[in-house]
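Given next are the chains, with one letter for each unit.
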Amino acid sequence: MRYLQLLLPLLLFSIHTLTTLAIPFPNMDKSTNGTIYNISELKPDASVVWTNPAAMNNTDSVFNIALSLNAVIRNSIFQASEPSLYQAISDNPVLYPFQLNVSSKINSSLSLGLTVQPYNSEQFSWQEENWTGRFLIRDYNLNAMVIQPAISYRLSESVSVGAGLVITGYQLRFNRSLPLRDINNEARQTINGKSIKLGLNLGISAILNQYLNISLNYKSGQLIKFNDSEVSNSFPGSLQYAGSETTSANIEWVLPENINFSATYQINEKWVTNANLAWFFYLNENKVDVKFPAISDFMSNFSIIGSNEPEIVYQLGVSFFASDYFTFRAGSWYSQGNTDENFLFPVLVNGPRIGLYGDTSFMAYPGLSINISIASAYFFKKSGTYSPGNFGGSYKTLAFSPGLGINYSF
Amino acid sequence: MLAKLKTILFLSSILLSGCEPDMQNYKPHSGEADFSVYVAIGGSKTAGFTSNELFKSGQIVSYPNIISRQLLHVGGGEFRQPLMTDELGFGNKLVLDFVSDCHNDSVLAAVSAGGMADESNLSNIYMDFGPFHNLGVPFARISDITSRVDATQNPFLSYFSRFAQSPVSSVIEDALSIDPTFFSLWIGTSDLLLPALYPQQQMEIITKTEFDSYFTQIIMQLNQDVKQGIVATIPDITDFSYFTHIKTQNIWVTDELAEGGKRLLTSDERLLLSAETLIKCENAGSEEFPLAREYYLPETQINLLRTRVHEFNQIIKERALEYDLAYVDMYELFKSLAHSNLVYDGVAFNNKYIFGSFYSIDGLTLTPRANAIVANAFIHAANEKYKSSIPVISIAQFQSVEFP
């Protein structure tokens, strides 16, 4: 049971470590009965801040607090469609997201929790000045601040349910070049938008016997609307009469609905294994519409349509409880990806991918533990075209994330 | 044990592989063609004439030069162009700038770049820099390709005299003199364009028979030495932004056949870009001051031009088939721009004047970015015909119209 008390905060930390990296995370040991960890794709929605809220009841500790910090390093390579030799490598900033999780048992049936993620970000940047896709996108940054209060209730000895309200503030910046230039500079367009959305995180977990636990979790998708977003255009001097104040953009950014099924099996005192199956589906398309005013006869309106395919992510993991002080975990996942080959926009292309992770927990003091993790994801080559822009090629991505966390529970 | 070790190594390599992905490039190959000596024959677009002038930086981004750079990946060799010495050429270059118009409004317009033409641009450079692989001659007609430089009446062949091997050589002779292994031929546009641009000179558009005779003669001569090449069809010149920029509504023109010697233009007719200032500043095009014939293309001439371009293109296609050559349909490429946006790399191209990204500010010739589109069209045609794999160029790496 000591393991169980220790592991929840560690896992909360690890969730963040890996989800920020767009890496699925395993439901890796018995302490997480009913917990379906996020296996989303770096989407700053409900799935990244909390697991199955029903799982809060599956720990014996009265109070847990976990703080985590990660570095996320990710780069993609683009190869233009054959026959072309053109290649470009994205130069994404290193992200340092962090997250705070607190949970507390009110009584034997009721637990409350709060997750705060003041900085979660998805960034992508093509820095090369003459990057050939710059008229579609140079870079973008979707920041999210997430707060999720959650409640968990034990229906019986073996069944718990939970619910979380996900409150997310979004800030989007989208930057591209315009096909106009003067002797020195090419015109640029930057769109800034803000939005606040609510989401739901619902779950149920069941202990079937002393070895096997299963759980089901639903996280609502979000259609984030950045209406009348501010658009600033830096035109060559002769075209500045068009101004920026009259240009507007409407953006609809879609985060998927998510259903997870998870099972955890305790092999023996030392070993626990787990499996996850997660299904993501999209109810809407991504849209970015920039409308120029009538006087801008030199610029046509600009639209991006993004289409995503449903996606299933498969994950397997194992935990080894080496001693009272050390626990080791490892696992991998696979997804066929969610990209539509006809709408392959030059950002992070979530094609087929495989990921590996490993982490170690060290209990420095009873109740206090330190966690170190490392994860890497390999995105296989994905080819396709963004048809509306007649822009095609192949993409590959490597991602890497070391993480550090501190956890306390009693 | 070895299998386990390999698995561990594989997993470790993924985990610790860092974040610099790589991707194997495809391998270009020449297929059934020999691209070692490429020669380009043609008119203004082949020469790199743009913004109403032939100048150095425009020539450097000519479509043949872009093709030649790509051919380097498949065994292509040196490609010499008769570069002008400066950015002014013969002094007719246009740039965009703000000017005060006749109403004292500051407007963006195509104006002369100014400056004096360097006299060295008039000297023959063959001895110093020849022989040349780009034998594009601005405004060359099909008959000029086989004409000796001193025997033609086409004033624009002064461009050719700059780099001709001798005063008595012709473009085709100079082309063959470098023993090319591969050629591109895009000729005939000026045969339709010059009569449309200068109606007052009453140039006759050559007949289908004449065009066939010249074209066949050129192909036969090339075919004696060079068995491989690409021919291109001729665009419909009435789609060029020079002829589409000014709207024809409520414009009066002189017409000897009309009642009272004047009439309103129909929507199917075309106004020349040169009429813009007259309409704006001198009330030209009004019923009181109808525009002269030199500023518009009547329907009869448009029909004749379109009939001819179809006839000429039919000949080009037939000869390509007959002589087993690659063929690129520039007519269709240019036509698609006239009907809608043609999108490459997220950039929309159309025949809108200045802002369409395709035509340079003279409204007739191409921007560097359009040259890249044209070059890629040639490359695709060559790849298809000769089973080669010449890499195309990234269009967005080239520039379009430059604004002040």
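Definitions and limits used
- Residues numbered from 1 in each chain as written.
- Chains lettered and ligands numbered in written order.
- Predicted model: local features only at pLDDT ≥ 70, side-chain atom pairs only at ≥ 80, totals over all residues.
- Heavy atoms only, no water.
- Contact = heavy atoms within 4.5 Å.
- Buried area = accessible area lost by both parts, 1.4 Å probe.
- Salt bridge = Lys/Arg side-chain N within 4 Å of Asp/Glu carboxyl O.
- Polar contact = N/O pair within 3.5 Å; in protein donor to acceptor, adjacent residues only side chain to side chain.
- Disulfide = S-S within 2.5 Å.
- Helix = DSSP H or I, 4+ residues; strand = E, 2+ residues; numbered from the N terminus.
- Buried < 20%, exposed > 50% of the residue type's maximum accessible area, 1.4 Å probe, protein only.
- Lys, Arg positive; Asp, Glu negative; His and termini not counted.
- Expected span 1.5 Å × (residues − 1).
- Axes fitted to C-alpha atoms, helices over the stretch in contact; angles between N-to-C directions.
- Parallel < 35°, antiparallel > 145°, perpendicular 65-115°, else oblique.
- Left-handed = near helix turned anticlockwise from the far one by under 90°.
- Nonpolar A, V, L, I, M, F, W, Y, C, P; charged D, E, K, R; others polar.
- Pairing = 2+ DSSP bridges.

**Q** Please set out the interface of chain A and chain B residue by residue, giving values where relevant.
**A** Counting from both sides, the interface comprises 47 residues of chain A and, opposite them, 40 residues of chain B. Taking both sides of the interface into account, the surface hidden between chain A and chain B amounts to around 3800 Å²; carbon and sulfur atoms contribute 62%. The largest per-residue losses of area from chain A upon contact with chain B belong to Pro 83, Leu 85 and Arg 181 of chain A, which jointly make up 18% of the total buried on that side. Where chain A meets chain B, there are 1 salt bridge. Among the ionic pairs, Arg 369 of chain B bridges to Glu 186 of chain A, the shortest N-O distance being 3.9 Å. For the pair chain A and chain B, the interface holds 12 residue pairs in polar contact (both at pLDDT 80 or more).

**Q** Explain the state of the cysteines to me, using residue names and the numbers behind them.
**A** Residues and elements named next belong to chain B. Scanning all chains against the criterion turns up 1 disulfide over all chains. There is a disulfide in this structure between Cys 102 and Cys 281, and the S-S distance comes to 1.9 Å. Between Cys 102 and Cys 281 the sulfur-sulfur dihedral comes to about -80°; the bridge is accordingly left-handed. You can see Cys 102 sitting in the loop between strand S2 (94-100) and strand S3 (106-112) and its partner Cys 281 sitting in helix H12 (residues 276-281), a full 179 residues away along the chain. With relative accessibility at 39%, the residue Cys 102 sits in the partly exposed group. We classify Cys 281 as partly exposed; its relative accessible area is 30%.

**Q** Account for the side chain of Asp 86 of chain B, with residues named and values stated.
**A** Residues and elements named next belong to chain B. By the element assignment, Asp 86 lies in the loop between helix H4 (63-71) and S2. Lys 93 provides the closest opposite charge to the buried, salt-bridge-free Asp 86, at an N-O distance of 8.5 Å. A polar atom in the side chain of Asp 86 sits 3.1 Å from the side chain of Asn 121. When residues no more than four places from it in sequence are discounted, the contact partners of Asp 86 are Phe 55, Lys 56, Asp 118 and Asn 121.

**Q** Break down helix H13 (residues 299-322) of chain B for me, citing the residues and quoting the values.
**A** Residues and elements named next belong to chain B. Spanning 24 residues, H13 covers 34 Å between terminal C-alpha atoms, matching the ideal 34 Å at 1.5 Å per step. Within the sequence span of H13, burial applies to Gln 301, Ile 302, Leu 305, Arg 308, Val 309, Phe 312, Asn 313, Ile 315, Ile 316, Arg 319 and Ala 320. Of the residues one or two after H13, Asp 324 is the one with positive phi, at around 55°.

**Q** Tell me about the packing of helix H10 (residues 208-225) of chain B against H13 of chain B, and please be specific about residues and values.
**A** Residues and elements named next belong to chain B. Two numbers describe how H10 lies on H13: the axes approach to 10 Å, and their chain directions differ by 30°. Relative to H13, H10 is oriented roughly parallel. Seen along the crossing, H10 lies across H13 with a hand that is right-handed. Between H10 and H13, the residues in contact are Lys 208, Phe 211, Asp 212, Phe 215 and Thr 216 and Arg 308, Glu 311, Phe 312, Ile 315, Ile 316 and Arg 319, respectively. Here the contact of H10 with H13 is composed, by residue class, of 5 nonpolar, 1 polar and 5 charged.

**Q** Account for the sheet that holds strand S1 (residues 38-42) of chain B, with residues named and values stated.
**A** Strands in a sheet are paired, the pairing made by backbone hydrogen bonds, and the direction either parallel or antiparallel. Residues and elements named next belong to chain B. Pairing within the open sheet is parallel, and its 5 strands lie in the order S4-S1-S5-S6-S11. Of all the strands in the sheet, the pair left with one neighbour each is strand S4 (134-136) and strand S11 (326-328). When strand polarity is set aside, the average angle formed by the axes of neighbouring strands in this sheet is 15°. Note that S1 and strand S5 (residues 182-186) share 5 bridges and pair parallel. Within S5, the position partnered with Gly 42 by the bridge is Trp 186.

**Q** Any chance you could break down the environment of Leu 212 of chain A for me, citing the residues and the numbers?
**A** Residue and element names in this part refer to chain A. Among the structural elements, Leu 212 can be located in strand S9 (residues 212-219). Placed 54 residues apart in sequence, Leu 212 and Gln 266 show a C-alpha to C-alpha distance of 6.7 Å. Leave out the neighbours within four places in its chain, and Leu 212 touches Ile 207, Ala 263, Thr 264 and Tyr 265.

**Q** Go over the pairing of strand S13 (residues 271-281) of chain A with me, naming the residues and quoting the values.
**A** Residue and element names in this part refer to chain A. The pairing of strand S12 (residues 257-266) with S13 spans 10 bridges and is classified as antiparallel. If you follow Thr 264 over to S13, its bridge partner there is Asn 274. Turn length for the S12-S13 hairpin, with the two strands adjacent in sequence and antiparallel, is 4 residues.

**Q** Outline the pattern of salt bridges, supporting the account with residue identities and numerical values.
**A** Residue and element names in this part refer to chain B. Scanning the entire structure with this criterion turns up 24 salt bridges over all chains. Note that Asp 101 is salt-bridged to Lys 280, the shortest N-O span being 2.9 Å. Within this pair, whereas Asp 101 is found in the loop between S2 and S3, its partner Lys 280 is found in helix H12, the two being separated by 179 residues in sequence. Close ionic contact of Lys 385 with Asp 324 constitutes a salt bridge, the shortest N to O distance being 2.4 Å. Highlighted residues: Lys 385 in helix H15 (residues 368-386) and Asp 324 in the loop between H13 and S11, separated in sequence by 61 residues. It is possible to trace a salt-bridge network through shared partners that takes in Asp 212, Glu 318, Arg 319 and Glu 322.

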